[in-house]
Amino acid sequence: MRMFEFIRPTDSQAAVAAAAQSKTAQQGADVRFMGGGTTLIDLMKLNVETPARVLDINRLPFDKIADTTVGGLDIGATVRNSDLAYHPRVQRDYSVLSQAILQGASAQIRNMATVGGNLLQRTRCVYFRDTAMPCNKREPGSGCPAITGHNRTLAILGTSEHCIATNPSDMCIAMAALEATIHIQGPKGTRTVAFGDFHVLPGNTPERETILEPGDLITHVTLPPPMSGSKHLYLKLRDRASYEFALASAAVVLVIGGGKITRARIALGGVGTKPWRSPEAETALTGKPANDATFREAAAAALRNAKPQSENGFKIELAKRCLTHALRTAAAA
Amino acid sequence: MSDIAKSDDVDRSRRKFLKTSGTTAAVGVLSAYLPAHASTEQSSQTDVSRSAIEGAMPITLRINGKEHKLRLDPRTTLLDCIRETVTLTGTKKGCDHGQCGACTVHVNGKRVLSCLNLAVMHDGHEITTIEGLGTPDALHPMQAAFLACDGYQCGYCTSGQIMSAVALLKEPCGPDDASVKELMSGNICRCGAYANIVAAIQQVRKHG
């Protein structure tokens, strides 16, 4: 690990001012905020991340979960994953989020990982994590050996000729389906970003993963009021039963009335270069009868633009079956 | 290393560094990782005192009820601090990347992976390691249950397994074996003692 200066900012303004000195808020940032450290310390040990300054934000006042005036939920950026997953309101009103978090990582990591950090969780692509290998995300222009190499676990949606790395988060998939809003404090003030606009596709610049700029500090996430009568399910398929990243996952929020689906929010994990909301699936479900034919059609719509790589073609069928099964199970609940 | 250290081209600070590294090689650590008393003993031999270590930070950790005032390189993980600085070697380093659970300790009562934590993040925090659970004469019930149920083979993952198991007792966990397995999935056992580990945990949950 490279030497760094460890700083504990006294307030969020000091944190933003210190982070604003960084040349970038993306890959290779020379100033990093430290939450739980579960991703960042790992990548610093690998020399994939080499910040000169680390800002410990764990003692800033962003560790609260509070009801919003309109019936939603504000979740502070340093709330631990386990505290969020077991929060009574999350379990009651946003069950898909609780389920997603509890199917991710291990109990120890969930006690450490923060909401803000999980929004910025980095890919598990082996080439990204190995500084001996080229990687366009880590070293722009160096190439993507994954496209001709080991890509079994990598993405089939949102890829480019420069990067096919999967976003590994479970929490983010649920938040995409719940239409969360992300609150950012930056050098020019505060702003909010819709969840779907926060992560960006790799395109020609895979080193850029989010809209964050130097100094931008995620302060909290807001969930809108829960959809009345909605059924929630997070289904995760993986190589082993626990403590493993998704090969395919589905976050499903459905409202069914009179045998028909009146509202649907769908997001897929393990298959996209970013948390993958599927408006195609939502359109295919809305107003249709809640039956297998509808579910299969929605799954086909969600994966219509999937692009397989040499080793991960199986993910297309797997993701379809994952979503179909999740819809069937949620509808029957 | 000694050839380099003898070279006239090497500047003084680098030579000092290498000399210090060499003298501490027997314990396998840089002086930044040494406890205060060891450093004081070192200083008479090497003229490098702890305060001269660039970037070292003062912190206070309470480990197993005992206060430790330390100066640490900020890169020091909580795991390396516990093992190398405080010399409590019951906590094990397995993968060092958060994939095996061997380094599990409790921070402020919750189980965490000490390899993915910087020690300086825990200034003022309460840390519990396997040494803080019980003693050979007065085992923690979980330690006794691991013995009774033969919940280990080589023993390398065992302290992490027990730290996780003790924390699990206070977490939301269903009564069945499957729930225990799910919440223990972050602790890998290369010997495959899982069935007996689950039995040990269930014994404590049912009978204390």
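Residues numbered from 1 in each chain as written. Chains lettered and ligands numbered in written order. Predicted model: local features only at pLDDT ≥ 70, side-chain atom pairs only at ≥ 80, totals over all residues.

1. Quick word on the nonpolar core
Logical step 1: V96, A174, A251, V252 and L323 of chain A are the most contacted members of the largest nonpolar core, which has 150 residues in total.
Logical step 2: Discounting chain neighbours no more than four positions away, the residues touching A174 of chain A are V96, L97, A100, Y234 and A251 of chain A. (Core = buried A, V, L, I, M, F, W, Y, C linked by C-beta atoms within 7 Å. Buried ≥ 20, exposed ≤ 12 C-beta atoms within 10 Å, placed from the backbone. Contact = placed C-beta atoms within 7 Å.)

2. A few points about the sheet that holds strand β1 (residues 57-63) of chain B
Residue and element names in this part refer to chain B.
Logical step 1: The mixed open sheet is built from 5 strands, whose spatial order is β2-β1-β5-β3-β4. With one partner strand each, in any of the chains shown, β2 (66-72) and β4 (110-113) form the two edges of the open sheet. Pairs of neighbouring strands in the sheet enclose a mean axial angle of 40°, with direction left out of account.
Logical step 2: Where β1 lies against β2, 7 bridges are found, and the strand directions are antiparallel. (Pairing = 2+ DSSP bridges. Helix = DSSP H or I, 4+ residues; strand = E, 2+ residues; numbered from the N terminus. Axes fitted to C-alpha atoms, helices over the stretch in contact; angles between N-to-C directions.)

3. Points about the domain arrangement of chain B
Residues and elements named next belong to chain B.
Logical step 1: The assigned domain composition of chain B is domain 1 (2-52), domain 2 (57-132) and domain 3 (141-207).
Logical step 2: For domain 2 and domain 3, the distance between their C-alpha centres works out to 21 Å.
Logical step 3: Taken together, the contacts link 14 residues of domain 2 with 11 residues of domain 3.
Logical step 4: Broken down by secondary-structure element, the contributors of at least two residues to the side of domain 2 that touches domain 3 are β3 (104-107) and β4. (Domains from an automatic or database assignment.)

4. Looking at the interface of chain B and chain A
Logical step 1: The interface is formed by 25 residues belonging to chain B together with 21 residues belonging to chain A.
Logical step 2: Per-element tally for the side of chain B that touches chain A: the top contributor is β4 of chain B, with 4 residues.
Logical step 3: Of the residues belonging to the side of chain B that touches chain A, the class tally is 10 nonpolar, 9 polar and 6 charged. (Nonpolar A, V, L, I, M, F, W, Y, C, P; charged D, E, K, R; others polar.)

5. Describing the domain arrangement of chain A
Residue and element names in this part refer to chain A.
Logical step 1: In terms of domain boundaries, chain A breaks down into domain 1 (5-56), domain 2 (65-119 + 168-223) and domain 3 (231-332).
Logical step 2: On a C-alpha basis, the centroid separation for the pair domain 1 and domain 2 is 18 Å.
Logical step 3: It is helix α1 (residues 12-19) that provides the largest number of residues to the side of domain 1 that touches domain 2, a total of 4 residues.
Logical step 4: In terms of residue class, the side of domain 1 that touches domain 2 is built from 6 nonpolar, 10 polar and 1 charged.

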